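Here is how the chains run, residue by residue.
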Amino acid sequence: MTGYASAQQTPAPAPGHEGKPAPASRIGLEIRSVNSRFLDLSFRLADDLRAYEPQLRELLSSRLKRGKVEVRAGIESSEAETLREPSVRMLQRLGSVQDAVRSWLPDAPALSVAEILRLGASESAADIDWGATVTELATRTLDHLMAARAREGERLADMLLGHLKQLRAHAEQARPLVPQLVEQQRQRFLERWKEAMALGEGSVTPEAAQDRALTEATSFAIRIDVAEELTRLAAHLDEIERLLKKGGEVGKRLDFLIQELHREANTLGSKSAALELTKISVDMKVLVEQMREQVQNIE
């Protein structure tokens, strides 16, 4: 089922750094979902967030059952954060380390301002508690995604119910056709036997000819009888309607029922002995195929 949601949040300082100003960095997270029969998760995370992929995967798997889902997360820094002045403690450590290195390597170049700023930014990132923020942000974003998917699910359910109504109408059109076809074929058999008797030498009695015609008509009726298929089709339609109105995780059960609908519609066409019944079968299979595509979107 398709859906999209995104959110941003500024993380809290790590334990022991509560007195520091709130960091200018913030996390941006978005979740995209497209149709798929199974759950397929993919992640595109910033380097500092890769360690949180397992907890994100567990969170999404607990609430999503189908769909190709992509999660993107990155750390956004303001211009002020990029040029943030390193702390005194950080400068003292850098000076101490530089002196130690140059005592052994006198020709080593001194640290540049750009290198000091980059190392200072690394220190600031280490002071941020990403884990709690990632979980909270992903939960909120997932709530928005689920709400979007639920709205789409309602629209799909209305569409499928409309297709069910059309299938019932086609079934009602097909039901009276079979008795009419049987009666027409019975009359044809009787006419053919009468013509055969008129051309023959009277070796077959009228009673035997009529019995033979009725036997052929009965055999024909059995071959084209679709009452059982129409009954099963009606039962499947009732079950699909019940599941759509019930809601919940019904996608896989609907998959199975759609396959059964296609089987009954196909059998209806294979038993067809009239153009009208063939057309009804084709129209049914078109509707069932449309339903099959839409059912792939349901959780």
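Residue indices follow the written sequence of each chain, beginning from 1 at its first position. Whole-chain, interface and lining totals are the exception, using all residues; otherwise, since this is a predicted model, local features are given only for residues with pLDDT of at least 70 and side-chain atom pairs are given and counted only at 80 or more. Values shown for side chains rest on all heavy atoms present in the structure; no hydrogens or waters enter the calculation.

1. Observations regarding the pairing of strand S2 (residues 26-34)
Link 1 in the chain: Where strand S1 (residues 3-9) and S2 come together, seven bridges link them in antiparallel fashion. When the bridges of S2 are listed, Gly3 appears paired with Ser33.
Link 2 in the chain: Any two strands with at least two DSSP-identified bridges between them are counted as paired. Put simply, DSSP marks the helices as runs of H or I at least four residues long and the strands as runs of E at least two long, and each gets a number from the N terminus on. Sheet topology note: the S2/strand S4 (residues 67-76) ladder contains nine bridges and is antiparallel. Considered in S4, the bridge of Leu29 is made with Ala73.

2. Concerning helix H1 (residues 53-63)
Link 1 in the chain: Here H1 has its buried residues at Leu56, Leu59 and Leu60. All buried residues of H1 fall inside an arc of 90° around its axis, so they share one side. Residues of H1 that are exposed and angled more than 90 degrees away from the buried face: Pro54 and Glu58.
Link 2 in the chain: Any pair of residues with heavy atoms lying within 4.5 Å of one another is described as a contacting pair. If you follow the buried residues of H1, they end up packed against strand S3 (39-45), S4 and helix H5 (130-174). Summary of the burial criterion: residues with accessible area below 20% of their type's maximum are buried, those above 50% are exposed, and those between are partly exposed, where the area comes from a 1.4 Å probe applied to protein chains only. The arc under discussion is defined with respect to the helix axis, by the directions toward the C-beta atoms.

3. Concerning the pattern of salt bridges
Two side chains that carry opposite charge are able to pair once their charged atoms sit near each other.
Link 1 in the chain: Should a side-chain nitrogen of Lys or Arg be within 4 Å of a carboxyl oxygen of Asp or Glu, the pair is scored as a salt bridge. For the structure shown, the criterion picks out 18 salt bridges.
Link 2 in the chain: Two residues, Arg44 and Glu70, come together in a salt bridge whose shortest N-O distance is 3.2 Å. Of this pair, Arg44 sits in strand S3 while Glu70 sits in strand S4, placing them 26 residues apart in sequence.
Link 3 in the chain: Take Arg44: its relative accessible area is 51%, and that puts it in the exposed class.
Link 4 in the chain: The buried category is assigned to Glu70, whose relative accessible area is 17%.
Link 5 in the chain: Its salt-bridge partner being Glu70, residue Arg72 comes within 3.3 Å of it at the nearest N-O pair.

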